[in-house]
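Descriptive analysis of the structure
Listed below are the residues making up each chain.
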Amino acid sequence: MSSTQVRTLPTTPKSQLPSLNANIRKVAVTMPGYQAQFLEFDQKRPLAAIIQDICASWTLNDASKFALQISDSSKNNTYITERNRHEIQNGAVLSLSPSPAQTAQSIICKLSQGSNKTLSEEKLDGLRQLVSLAPDSTFAVEFINKNGLPIIIAIVTDGTFKKEPLQLTLRSFVALMDHGIVSWDILEPEFVKRVADCVNVGSNNLDVVCLQASLEILESVVLHSTGKQNVVEQSVTSQNIIPHLESINLEVQKNAIALINALFMKADVQKRKKIADSLQSKHVRTTILTHVIRLQNIGTAMAHQLYVLQVLLLNLHEERMKAPVDPHDQVIMKEIEELRRTAFEIEVDPNMNAVRRSQSAARDFKKLGFENQANPAEDFVKVPSSLLALDCMLYFAKNHGENYVKMVLENSTRADEHDVPFVKASMYLTKMICEILKIGEQPDDTGSTYYPMFFASEKPLEEFYCIVVQLLNKTWREMRATIADFPKVLEVVKEQVTRVLVLQPSSFESFRTKVFTLTYSDILKLLENERKIKEEFESQTRPVVELRKKLVPDIQSVVRQQRLNYLMEGTCFPKYHCRNGRIKDKFWFWRLSPNLKSLHYGDCSESDHPKLEDLPSKLPVVDIQRLVTGKDCPHVGGRGVVRRGNQGSRLAFSIVTEAEEDQICFIAGAEYEYDMWCDGLNALLGNEMGSGRVEQDMEMLLSMEIKIRLLDTEGLQIPADPPPLPPEPDNFNFAYMNLL
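Residues numbered from 1 in each chain as written. Predicted model: local features only at pLDDT ≥ 70, side-chain atom pairs only at ≥ 80, totals over all residues. Heavy atoms only, no water.

1. Remarks on the overall build of the protein
Our working definition: Here a helix means four or more residues in a row that DSSP labels H or I, a strand means two or more in a row labelled E, and each is numbered from the N terminus. Exposure categories follow from relative accessible area, calculated using a 1.4 Å probe and restricted to protein chains: below 20% of the type maximum is buried, above 50% is exposed, and the middle band is partly exposed. The contact definition used throughout considers only heavy atoms, calling two residues in contact when any of these lie within 4.5 Å.
Within the protein one finds 29 helices and 11 strands. Looking at the 740 residues of the protein, the share that counts as buried comes to 46%. Of the contacts formed within the protein by residues at least 6 apart in sequence, a portion of 67% connects residues at least 24 apart.

Structural data, given as structure tokens:
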């Protein structure tokens, strides 16, 4: 047996096998022509030493020419290195094969035989080997370092190979470049054009594998190369890519949209608008909706590409959103006048003088919601996104004229304080829409939220605005809002819109139906329910539970003091005798002294509220033996007194003094009064306050106090458990350092 850890194991029942060390993996190693070895693979030993022992067992010379691979289809025969050896599990089957350097050199020799115009069986075998090994980074480094990549590029550039050889070559190239070892700038225009030919080929001659790889290559060239973007733009147009969106292959569709996105992202402003025009044509929108969104199970990768495309299309409005407003611009004045003319169907009267015409215009601009009626363009200077808002208002007036006129005229008939300022509302509403849709922000690398309805219209942002501005008008009515409530109305509308967008409505009609169904009262109920759920969850977390326990004594003290304060304020009671019952038309007033030593009382009229010094009698608290309530009171039940079961019996209580036969009887005027006096007397006697109102008050005050304490944590996730305490130091000598 070798002195090393690598050895052949005898066949032993599992029950008799020794326990495995944490660093030992039981594996099998195979090699064509040799009997398999069953080994203990020690993760702490150098990999080269293990390979040396395996080669020795098979009497193979020069172990440096061999390497281990994981024989697993999911891992694509990955070479085992010091970086990935931890992935080996018990029961794994490894294969001993030529090292990456040896294999790379062998493949290069096969690919280099003959010219690129001839396809030998050996060259085809080399391509098949390459496509299976290219995803492995260890092999890719060796292949590229041995100048194998120019051979692949030359095969593609020559353009002789078709079908399977071209498939293998393109797939190998994509896999090799995915490792990021070399720059995409190594490619020449001729290579890019040859790849583009695979995309531009007619639909009847499509090779799906070649097409998929070609789309991926062109996307990477656009995104990652310097100066090659123009070559791709000249070789492939969006019109050539769009037919591939009708493919039944999801990967082809995804790569087609990814290439469009790449061209879109890297294009200048004019080219972007040209691409957008072609994408927003009815034919293309129908293709995306029909063949991509509605008939496919959208995966994460496709959802991301649709999200990126949506962001790029919406960001075309960024220029108008950020453009400064010139209040003297005649184009803006003309568009404002168009809004006025459409709303009020104005016809120019040649007999009207300039003063009357100006007065009429000012009146109309006020109805439209302009603050500056003399020069309404000044209003657009104050609010960001104003030019975009003006575009949206004009679209609303021209394309939904009936709803536009109805909204303006409806608000013209309301009182000024209840009028929706249409122009002001539109400016702030457009700003809000830009924030919701994140217009002006670059696509997030992990984003995948897209809205199918935005692919269903040539002017998605404007259509979106038209629905939201009508929603604002509806919500304004439901809230019975005034001008002072304008910010609150905007918040409610934002809540309505964002909640419906989460449902990803398929069309603007569906969005309109859902958002109009979600009323103001529904929003209030949803927010209240969410608040309760959040509070209930937070109240059960360990930190909050411990905080609650800590606060209970203080809150109990507050409730106790509130009861005693009530007794100090005093109460007028109808006078009762413990045996004879109610004393007709007689009342007495009871109140607790500020020092809590005695209860002062005296006769009074029903409406009197005497001061403490005006009450002649007092009962020392130390003389009170106990408190009796309800049916146990002497004035409840029997002849001539309060009958059991009626309201008075439930509100009855008695103070029992040392002379038990002389109890002091009371009937409270209301349940609140009864609870306050019973709790207060029990607090004086050192008993537990037992009314249900104590629990309610405790819960309310605890909840309020916890909310106040947690204000600084608003928006933060409270952990279910506190962080672990660090271990104690070896000594506490540092406590005396400042004393030295």
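2. A few points about the pattern of salt bridges
Using the following cut-off: Each reported salt bridge corresponds to a side-chain nitrogen of Lys or Arg within 4 Å of a carboxyl oxygen of Asp or Glu.
Taken as a whole and judged by the stated rule, the model has 28 salt bridges. We note a salt bridge from R194 to E190, for which the minimum N-O separation is 3.7 Å. With a gap of four residues between them, R194 and E190 both fall in helix α7 (residues 189-200), about one helical turn apart. Under the relative-accessibility criterion, E190 is labelled partly exposed at 40%. Here E318 ties to K322 by a salt bridge, and the two come within 2.7 Å at their closest N and O atoms.

3. As for the packing of α7 against helix α8 (residues 208-224)
The criterion, for reference: A fitted line through C-alpha atoms serves as each axis, taken over the contacting stretch for helices, and the angle formed by two N-to-C directions is quoted from 0 to 180°. Roughly parallel here means an angle under 35 degrees, roughly antiparallel means over 145, roughly perpendicular means 65 to 115, and every remaining angle is called oblique. With the far helix as reference, a near helix turned anticlockwise by less than a right angle produces a left-handed crossing, and one turned clockwise produces a right-handed crossing. Residues were grouped as follows: Ala, Val, Leu, Ile, Met, Phe, Trp, Tyr, Cys and Pro as nonpolar; Asp, Glu, Lys and Arg as charged; and all remaining residues, including Gly, as polar.
Between α7 and α8, whose axes approach to 8 Å, the crossing angle comes to 135°. One way to sum up the angle between α7 and α8 is to call them oblique. α8 is crossed by α7, and the crossing has left-handed handedness. Together, F191, V192, V195, A196, C198 and V199 of α7 and C210, L211, S214, L215, I217, L218 and V221 of α8 make up the contact between the two elements. Residues of the contact of α7 with α8, tallied by class, amount to 12 nonpolar, one polar and no charged.

4. Some thoughts on α8
The criterion, for reference: For a helix, the expected span equals 1.5 Å multiplied by the number of residues minus one. Polar contacts, as counted here, are pairs of nitrogen or oxygen atoms within 3.5 Å of one another; within protein the pair requires one atom able to donate a hydrogen and one able to accept it, and residues that are adjacent in sequence qualify only if both atoms are side-chain atoms.
With 17 residues, α8 should cover 24 Å at 1.5 Å per step; its first-to-last C-alpha distance of 24 Å lies within 8% of that length. When we look at burial in α8, the residues that qualify are C210, L211, A213, S214, L215, I217, L218, E219, S220, V221 and V222. The N-capping residue of α8, defined by a side-chain oxygen 3.2 Å from the backbone nitrogen of V209, is D207.

5. Notes on the packing of aromatic side chains
For the record, the criterion: Geometry of aromatic contacts follows a simple scheme: Phe, Tyr and Trp rings, the Trp one being its six-membered ring, pair when their centres are within 6.5 Å, and the pair is stacked under 30 degrees between planes, edge-to-face over 60, tilted otherwise. We call a charge positioned over a ring when the NZ of a Lys or the CZ of an Arg lies within 6 Å of the ring centre and within 35 degrees of the ring normal.
Inspection of the entire model under this criterion finds 27 aromatic pairs. When the ring of F139 is compared with that of F143, the centres are 5.8 Å apart and the planes differ by 25°; the resulting orientation is stacked. In this pair, F139 and F143 are both assigned in helix α4 (residues 137-145), four residues apart and thus about one turn of the helix distant. Taking 5.3 Å as the distance between ring centres and 75° as the angle between the ring planes, the aromatic pair formed by F573 and W677 counts as edge-to-face. In this pair, F573 sits in strand β5 (residues 571-577) while W677 sits in helix α28 (residues 671-684), placing the two residues 104 residues apart along the sequence. Given a relative accessible area of 1%, W677 falls into the buried group. Grouped by ring-pair contacts, the aromatic residues F573, W588, W590, Y601, F653, F666, Y674 and W677 constitute a single cluster. A cation sits over an aromatic face here: K424 above F486, 5.1 Å from the ring centre. The ring of F516 carries the charged tip of R512 above its face, separated from the ring centre by 4.7 Å.

6. Looking at the state of the cysteines
Using the following cut-off: Cysteine sulfur atoms are paired as a disulfide whenever they come within 2.5 Å of each other.
The full count for this structure, using the stated rule, is zero disulfides. Cysteine C198 shares no disulfide, and the gap to the nearest cysteine sulfur, in C210, comes to 5.4 Å. What makes C198 buried here is its relative accessible area of 16%.

7. What about the sheet that holds strand β9 (residues 624-629)?
Rule in force here: Any two strands are treated as partners once DSSP identifies two or more bridges connecting them.
The strand order β9-β10-β11 describes an open sheet built from three strands, whose pairing is antiparallel. The open sheet has two edge strands, β9 and β11 (664-667), and neither has a second partner. Within the sheet, the average angular offset between the axes of one strand and its neighbour, ignoring direction, is 15°. Direction of pairing for β9 relative to strand β10 (residues 652-657): antiparallel, over a ladder of five bridges. Among the inter-strand pairings, T629 is bridged to a residue of β10, identified as F653. Set on the sheet, α28 makes contact with β9 and β10; between it and β10 the angle comes to about 25°.

8. Some words on the side chain of S220
For S220, the location among the structural elements is in helix α8. A relative accessible area of 12% means that S220 is categorised as buried. Among all residues touching S220, those that are not within four sequence positions of it are W184 and S225.

9. Notes on the sheet that holds β5
Read across the open sheet, the four strands follow the order β5-β6-β7-β8; overall the sheet is antiparallel. The open sheet has two edge strands with one neighbour each: β5 and β8 (617-620). For this sheet, the mean angle separating the axes of adjacent strands, direction not counted, is 35°. In this sheet, strand β6 (residues 581-592) lies alongside β5 in antiparallel orientation, the contact comprising six bridges. In the strand pairing of β6, F573 is matched with W588. Docked against the sheet, helix α26 (residues 542-569) engages β5 and β6, running at close to 120° with respect to β6. Its contacts with the sheet place α28 against β5, β6 and β7 (598-604), and it is angled at close to 85° to β5.

10. Re helix α24 (residues 508-517)
Test applied: Relevant arc is that of directions from the helix axis to the C-beta atoms, nothing else.
Buried within α24 we find F508, S510, F511 and V515. The arc that holds every buried residue of α24, seen down its axis, measures 155°, which confines them to one face. α24 presents E509 and T517 as exposed residues on the side facing more than 90 degrees away from its buried surface. Where α24 is buried, its residues touch α22 (460-479) and α23 (486-501).

11. Some details on the environment of T138
Position of T138 relative to the elements: it lies in helix α4. Taking the C-alpha atoms as reference, T138 lies 8.1 Å from T81; in sequence the two are 57 residues apart.

12. A word on unusual backbone geometry
Even without being a glycine, D62 presents a positive backbone phi close to 55°. Within the fold, D62 resides in the loop between α1 (47-57) and β3 (66-70). For D62, a relative accessible area of 40% corresponds to the partly exposed category. The backbone of L596 shows a phi angle near 65°, a positive value even though the residue is not glycine. Here L596 is to be found in the loop between β6 and β7.

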